[in-house]
Every structure is written in C-alpha cells, then in structure tokens.
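Next come the chains, spelled out residue by residue.
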Amino acid sequence: MNAPWNNEDLRRAFDADFDALVAFASRSKARVGFAFLRADGQVDLGRPLDARISARMAHVFALAQMRGTEGAAHLVSHGLAALTGPLRAANGSWYAEVVPTSETSATPVPRAVFSQRAQSAMIGAAAAALLAGHEEARALLADLDRDQDQRWWDPRSGSVREEIEAATGAPSPLRRLSTNLDTAQAYLAAWEATGERAWFDRARSILRLVGEIAARCGFALPDLYDEEWRPLPASADQAPVELIRPGDTLPGLGFKAARLIGQVYAILTHMGEKPGPWMIDTATALYERALADGWTDQGVGGIVYTLDPAGEVAAPQRMHWVVCEAASAARVLAEVVDPSRAQNMAVDYARAIAWADSHARAGMGRWIHEVAPDGSVSMRVWEGRPDALTAARMLARGSAPIYLTVTGATARAGAPSPRGRHAA
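Remember, predicted model here, so these are calculated numbers, not experimental data. (Residues numbered from 1 in each chain as written. Predicted model: local features only at pLDDT ≥ 70, side-chain atom pairs only at ≥ 80, totals over all residues. Heavy atoms only, no water.)

Asker: Please clarify how the environment of F61 should be interpreted in this entry.
Answerer: For F61, the location among the structural elements is in helix α2 (residues 51-66). Overall, the relative accessible area of 0% leaves F61 in the buried class. Separated by 331 residues in sequence, F61 and A392 have C-alpha atoms that sit 9.8 Å apart. Non-local contacts of F61, meaning those with residues more than four positions away in its chain, are made with V22, A25, S26, F34, A72, L75 and V76. (Helix = DSSP H or I, 4+ residues; strand = E, 2+ residues; numbered from the N terminus. Buried < 20%, exposed > 50% of the residue type's maximum accessible area, 1.4 Å probe, protein only. Contact = heavy atoms within 4.5 Å.)

Asker: Please clarify how the pattern of salt bridges should be interpreted in this entry.
Answerer: Should their charged atoms come close, side chains of opposite charge can pair. The final tally for this structure, using the stated rule, is 29 salt bridges. In this structure, E242 and R117 form a salt bridge, with 4.0 Å as the shortest nitrogen-oxygen distance. Of the two residues, E242 sits in the loop between β9 (224-225) and α8 (251-270) while R117 sits in helix α4 (residues 116-131), which places them 125 residues apart along the sequence. According to the relative accessible area criterion, E242 is partly exposed, its value standing at 36%. Connected through salt bridges with shared partners, the residues R117, R176, D223 and E242 form a single ionic network. (Salt bridge = Lys/Arg side-chain N within 4 Å of Asp/Glu carboxyl O.)

Asker: Looking at this structure, I do not really get the pairing of strand β2 (residues 97-100). What am I missing?
Answerer: Consecutive residues of a regular strand have side chains that alternate between opposite faces of the sheet. The sheet contact formed by strand β1 (residues 49-50) and β2 spans two bridges and is antiparallel. In the strand pairing of β2, D50 is matched with E97. Pairing of β2 with strand β3 (residues 106-108) involves three bridges; the strand directions are antiparallel. Its bridge partner being in β3, V99 is matched across the sheet by T107. Turn length for the β2-β3 hairpin, with the two strands adjacent in sequence and antiparallel, is five residues. (Pairing = 2+ DSSP bridges.)

Asker: Hey, could you run me through empty space enclosed by the protein in this one?
Answerer: The probe, sized like a water molecule, is rolled over the atoms to show the empty space still left. Within the structure shown, the criterion is met by six cavities of 30 Å³ or more. The volume enclosed by the largest cavity comes to roughly 490 Å³. For the largest cavity, the lining is made up of 35 residues, of which R56, D182, K256, E325 and T390 are closest to its centre. Broken down by secondary-structure element, the contributors of at least two residues to the lining of the largest cavity are α2, α6 (177-194), α8, α10 (320-333), α12 (389-397) and α13 (406-413). (1 Å grid on protein atoms, 1.4 Å probe; cavity = no way out; pocket = protein on both sides within 12 Å on 5 of 7 lines; lining within 4 Å. Points joined across faces, edges and corners; volume = space filled by probe spheres on them.)

Asker: Which parts of the structure should I look at to understand the sheet that holds β3?
Answerer: Sheets are built from strands that pair by backbone hydrogen bonding, the pairs being arranged parallel or antiparallel. In space, the three strands of this open sheet follow the order β1-β2-β3, with antiparallel pairing throughout. The two strands at the open ends of the sheet, each matched to only one other strand, are β1 and β3.

Asker: What is the right way to look at the packing of α6 against α8 in this model?
Answerer: At a closest axis distance of 10 Å, the pairing of α6 and α8 adopts a crossing angle of 30°. Regarding the angle of α6 to α8, the classification is roughly parallel. Relative to α8, α6 is oriented so that their crossing is left-handed. Contact with α6, carried on its side by L177, S178, L181, D182, Q185, L188 and W191, involves L253, K256, A257, R259, L260, V264 and I267 of α8 and no other residues of that element. When the residues that make up the contact of α6 with α8 are grouped by side-chain class, the tally is nine nonpolar, two polar and three charged. (Axes fitted to C-alpha atoms, helices over the stretch in contact; angles between N-to-C directions. Parallel < 35°, antiparallel > 145°, perpendicular 65-115°, else oblique. Left-handed = near helix turned anticlockwise from the far one by under 90°. Nonpolar A, V, L, I, M, F, W, Y, C, P; charged D, E, K, R; others polar.)

Asker: Where do I start with the layout of surface pockets in this structure?
Answerer: Of the volumes computed, that of the largest pocket is approximately 800 Å³. Along its surface, the largest pocket is lined by 30 residues, and D50, R52, E97, R117 and E242 are the ones closest to its centre. At the level of secondary structure, the elements contributing two or more residues to the lining of the largest pocket comprise β1, α2, β4 (113-115) and α4. Looking at which element gives the most residues to the lining of the largest pocket, the answer is α2, with three residues.

Asker: I'm lost on the confidence of the model for the protein in this one. Help?
Answerer: The predicted coordinates ought not to be read in detail in places where the model reports low pLDDT. When pLDDT is averaged along the protein, the result is 95; 97% of the residues meet or exceed 70. For residues 415-420, every residue scores under 50 in pLDDT, and the model assigns this stretch nine contacts once sequence neighbours within four places are set aside. (pLDDT = per-residue confidence, 0-100.)

Asker: Could you clarify how one ought to interpret the nonpolar core in this entry?
Answerer: In globular proteins that are soluble, nonpolar side chains generally tend to be buried together. Residues F61, L221, Y287 and W367 are the most contacted members of the largest nonpolar core, which totals 139 residues. When neighbours within four sequence positions are excluded, W367 is seen to be in contact with D17, L21, H320, C324, A356, A360, R361, R385, A391, M394 and L395. (Core = buried A, V, L, I, M, F, W, Y, C linked by side-chain atoms within 4.5 Å.)

Asker: Help me understand the packing of aromatic side chains, please; the structure alone is not making it clear to me.
Answerer: Given two aromatic rings, their pairing is described by the distance between the two centres and the angle made by the two planes. The final tally for this structure, using the stated rule, is eight aromatic pairs. Look at W5 and Y349: their rings are 5.1 Å apart centre to centre, the planes differ by 85°, and that puts the pair in the edge-to-face class. Highlighted residues: W5 in the segment before α1 (8-25) and Y349 in helix α11 (residues 339-359), separated in sequence by 344 residues. On the numbers, 6.2 Å between centres and 55° between planes, the contact of W153 with Y187 is tilted. (Phe/Tyr/Trp six-rings, centres within 6.5 Å; stacked < 30°, edge-to-face > 60°.)

Shown next, in the form of structure tokens:
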C-alpha cells in the first residue's frame, strides 16, 4: 500500500514541525518544571505549577533528546527535578498543582488533590526519560508504581481511580475513560522502559474494560462514569468537565481507544501471544463510529468535540488532540485490518493531516489547541498552547513498527546524525 506516512516529503515536513514544536515548547521552562504556555509563547506565571502539563512537556523533551536535539537532555533533567521534589507530597504521592516557593519546595494549592490524570503523565514522562538514558528516572518510576498499587489501581474493575482529596484521603466516585486511556498509554511506555510485564498486563486490562464499555454503548464513548463504570446520565449532578457533560460522547476517545487496542493487538502478535478475538472488530467499530459521529463538512470541517445522548453536536469545537488521534488511529489500524479497509484508512489519515495543516497550525511548531466552527481560535477549554505531547507523538510516529509505542520506537531508532537542532 502506498501509505502517506511512508512519503519522504511528508516525513521531512513532520521532522521539521517536530523540531519547531520542541523549540516553541522549550519556552515553558520555569523555575520549577514547565509552566502553562500562552499562545504568544510566554509562560503564564500567574498559574500554579500543573503536574500534568509539566510532566507532558518533560516527555516531549525526552522524545527530542532521543532524536538528537541539542539541549533537550537538560530540559528532561529539569522536568524530573520537579517530579522528584516540589510536586511530591509528604505521604509519597504527588500533588496535581502546587505553588513553587523555591527551586526545591512548593506549597499545595487550596483544596489540593492527588490526580491519576496527572500521575499517568508522570509515568509516561519517567518512562521516556529512562529510555532516553536518565537513570534517575528509574527510581521515580518505581515510586510511581508503588503509588499506583497503593492508591490508584482497582483490581476489581481492572482500571484506575480518578482523584483523591489530599487533606482527607477521600477518593472521588467519578471515573473518566480519558484518564484510563492516558494511563494505558503510559503503562505501555513503562513496560517498554522496564521490561516489567505487570505494566503491560494492566494496560491490557484497561483496554479490555474499554472494549466492554464500547460494546454496551454502541461504540460511542462517554467520558464520565460512576464507580461501577456506568455512564453518568444526562441528569446526573455533575458539572461539565472541560465542556464534557454527563451523557456526552467524544469521537476523540473513540479514535484513541481504537488506536490503543490496535496497538496492543500488534504487540501481542509480535510477542507470539494470541490476541483476544474481539480486539480488531472492536477497534474497527470504535474508529468507524468516531469517524461517522465526529467528522463534519459544516463550517470549517474537521471533527467535533462532543455529541449529546441524542447524537446531536453538543460542543462543536475542533480540538487539536482529536485530529491528531484520528490520524494516529488510522495509521495504526491500517496495519492490522483487511487490506481493502486499510486503503480507506490511508485516505482518512491524509484528510486528517490536511485539515490539521490548514486549521490547527498557526505556523511551524505552533499548534492551535482549539478551533471554533468558523475556523477562528477558540478558548473555551484551552486558553493557550500548554500541551505539545499529542502533536509530538503524531509527528514522530512515522513508519515505525506499531508494536512499539512512539516513545519506544524513538528510543530504538536512536539519535539521528546531527542536524543543528536546538531545544532552546
């Protein structure tokens, strides 16, 4: 198949955009960790240090280091210092947000919480740093593993909890599918970095649960659930989270789940183990439902953010992470589905990339996080450009084997010959 991800011109363009993205992201370096980056490239020092944002930036710089970007190793070390110091709580867990008081200390924000959403990003960053050669990340990853066992992993459901009040230790009854998908992705990277099978088995368990939920929900995935993994009804007493209301479904989650299930299928096949017979059918159904529900030709086109329980568009914004996930899902699934369907996915990939290039980029390395239906910049969820990881992963995927995560594939490829790239 003449797939677009094998095109050398596109590969060179992606490499250049990745380098520019890293250079722009490096502006987020703050006294402690990496701060919220505004659209103009300035850090917003009026915000607390967000553990998730800081960890995801550290992950980006680990990818850059593995690709040979000069100065990236220092940025990775800087990110690890925040994770091993100011963000740590006395009980051994990690705060979701803190206010730094020095380079080595911080004060938790009022009503502080511990967050699996943040901790999954820390696991991914620590795994990437270890693969990039930062041996100090090994102890951090081991500490994170212990905290997963103690506070986050629920063996009964084979999934992770969402949030814990720092002051009382009270866990939130809310469950989020997005957090569990982020966690599965981080667990796969941790498995590649350490070789410890428990990380992989937990990722597989999460994706098995996602497959069960998908079948019950007609393959249109809500994000918000109760403790028993029942979708919250539209009438639930739960405030919207990032424009996501109880009962809303997200095409972006369908793409991400499809990609991860397809990737685990490829990993199991590569290891000589038999994948679950449900995996390809489920991944394909998730992908096709997300495409059917999400893609629109109205307005600026692209993929809408959420739909209500009746299937009508609820949040029409186009998020950069969604179109990146759509492209990445097409790229992965094209390797494991029937060849006739793979060709269609190659077309889907090219369409997603073309839309992103026209509407989700303000220039080389400057990805617009949120686009309004008329094509203007929207700021209902994302006020700036604090996240570089989703775009970085999509740009770095290339033609690498899909039985490797982007992080693992980048580590295996090693640093290319120097090209004069600089992180800052």
